[in-house]
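Fold and geometry: a report
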Amino acid sequence: MCKENDTLKLTAAFLSAGLLVIGLHAQQTPALDAASRELARDVFKQLIEINTTDSVGSTTLAAEAMRKRLLDAGFPAEDVVVLGPNERKGNMVARFRGKPGSTKRPVLIIGHIDVVEAKREDWTTDPFVFTEKDGYFYGRGTQDMKESDAAVVTSFIRLKREGFVPDRDIILALTADEEGGKSNGVDWLLKNHRDLVEAAYVLNPDGGGVDLEHGKAVSMDVDATEKLYGDYQLTVTNPGGHSSLPVPDNAIYHLADALTRLQHHEFPFELNAVTKAYFERLSTLETGEKAADLKAIVLTTPDPTAIERLSKNPEWNSMMHTTCVATRLQAGHANNALPQMAQANVNCRILPGHSLEEIRQRLIEIFDDPKVTVRYMDDAGNVSDTAPDRKQLAPPPLNPEVMDAVEKLSAAMWPGASVIPTMATGASDSVYTNAAGMPSYGVSGIALETNDVRAHGKDERLPIDSYYRGVDFYYQLMKMLSGGA
């Protein structure tokens, strides 16, 4: 087992060796045939129109729908199961069996089928009606991540119909509660049915993907590590009183002051082996001041002015710093009463190497107000006075088998784009599979303009061409990783 420093050195060495530069003159892959396009669209539409939010939706309905499609395609009933902790939080696990007697360990593909809440009044279209217009598919989950769920299900069916027999088992787990809720499917499967998902390594299309700039593919990102997710509950209590007799000691004012301090606080600049190599590679793709700044931040003594300029880009800022931001707020109990309580949620995305409790203590220092209590909230909504000492694990070594396949496919489908391992600024279910000893990589064939990322937001959408190319990407990738051409 590699120690942390060895792992980081391995990752950096792989990057600096230049193995991630792909050919500039590769040929485009053929388009999906009409039958595969129709299947891919039907599966995508079905998933989008099944509400899988935590509040009123059901991942079980989506899991059962995908199970039926796989059974209809000829997969044995014993190889496609739906199971979970309760009737609303079902997970589907499907096994595409390899050649008998194969000694190669399986590949596991994970994809969450739950989605973030979406209100009809906030959207131009109905978020739970699959809508095609102006060259896009609209709907909640079109970017995060029902497009990838549909792509892999379509690929399973397509390969089965073609009579393809992989040289190893390929496992697909479509799971609940990645976006929230109390029943995370990957965690539950690992704890209760690990035999169903045990694999050599994990592909997670919830991360990675192709970055476009004005239609041109700039890079194929592969998530090699990710930040640690943490929620903190800020609470201020007060005796309150009649609003006609205000006093300076007001719960809302204390909380507002604390959040203003947070707004103006910047956590320290910090790079790890993955992000340092990412910015080094990116510096060769940019021009002018931006290229110079990218070179300046990877020096032994980084340039503070370059850091400041680059930090104006939200994605780069998040890769260089731990970030904490207020996401929810509630206060008071009546319009004519002084508030007895004010409360906020602060969501943090923590760089590897720092613990949840360390950041809780840092928030207390930033607020510098004994009236503001900072408590930790876990994924199930349980609140505690202290946070776990858990840190994000060091990045696993890059898997040459995976990287070689991604490089070849990227060269064929997006000529000129560089394959770059990176750190996900969000969090994904890879945190569970990595912790279980299965190296996990964010790999996706979905191409998006960097200024049109709408996951979790209003009018979430996906370019139609991007979807179909992403479907073909996973079909080809699955074949390449299991003995196919």
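Please refer to the structure higher up on the page.
Cut-offs applied
Residues numbered from 1 in each chain as written. Predicted model: local features only at pLDDT ≥ 70, side-chain atom pairs only at ≥ 80, totals over all residues. Heavy atoms only, no water. Helix = DSSP H or I, 4+ residues; strand = E, 2+ residues; numbered from the N terminus. Rg over C-alpha atoms; globule rule 2.2 N^0.38 Å. Buried < 20%, exposed > 50% of the residue type's maximum accessible area, 1.4 Å probe, protein only. Areas by Shrake-Rupley, 256 points an atom, 1.4 Å probe, with all protein chains shown as cover. Pairing = 2+ DSSP bridges. Contact = heavy atoms within 4.5 Å. Axes fitted to C-alpha atoms, helices over the stretch in contact; angles between N-to-C directions. Salt bridge = Lys/Arg side-chain N within 4 Å of Asp/Glu carboxyl O.

1. Quick word on the overall build of the protein chain
A tally of helices and strands in the protein chain yields 15 helices and 20 strands. Radius of gyration (C-alpha) of the protein chain: 23 Å, near the 23 Å computed for a compact globule of 485 residues. Taken along the three principal axes of its C-alpha coordinates, the protein chain extends 80 × 55 × 50 Å. When each of the 485 residues of the protein chain is scored for burial, the buried share is 53%. Approximately 21400 Å² of the protein chain is accessible, and the part contributed by carbon and sulfur atoms is 51%.

2. Topic: the sheet that holds strand E15 (residues 373–377)
The strand order across the open sheet built from five strands is E12-E14-E10-E15-E16, with neighbouring strands paired in antiparallel fashion. In this open sheet, the two edge strands, each paired with only one partner strand, are strand E12 (323–331) and strand E16 (383–384). Sheet topology note: the E15/E16 ladder contains two bridges and is antiparallel. Looking across to E16, one finds that Met377 is bridged to Val383. Packing against the sheet, helix H7 (residues 251–263) makes contact with strand E10 (228–237), E12 and strand E14 (341–350), and its axis sits at approximately 15° to E14. Each of E10, E12, E14 and E15 touches helix H12 (residues 356–367); the most contacted strand, E10, lies at about 40° to it.

3. Side note on the pattern of salt bridges
Evaluated as defined, the whole model comprises 28 salt bridges. Between Asp293 and Arg309 there is a salt bridge, with the nearest N and O atoms lying 2.8 Å from each other. Taken together, the residues span a long stretch of sequence, with Asp293 in helix H9 (residues 288–297) and Arg309 in helix H10 (residues 304–310) at a distance of 16 residues. Using a relative accessible area of 5% as the deciding quantity, one classes Asp293 as buried. The class for Arg309 is partly exposed, based on a relative accessible area of 35%. Salt bridges sharing partners connect three or more residues here, namely Asp79, Arg95, Arg97 and Asp169.

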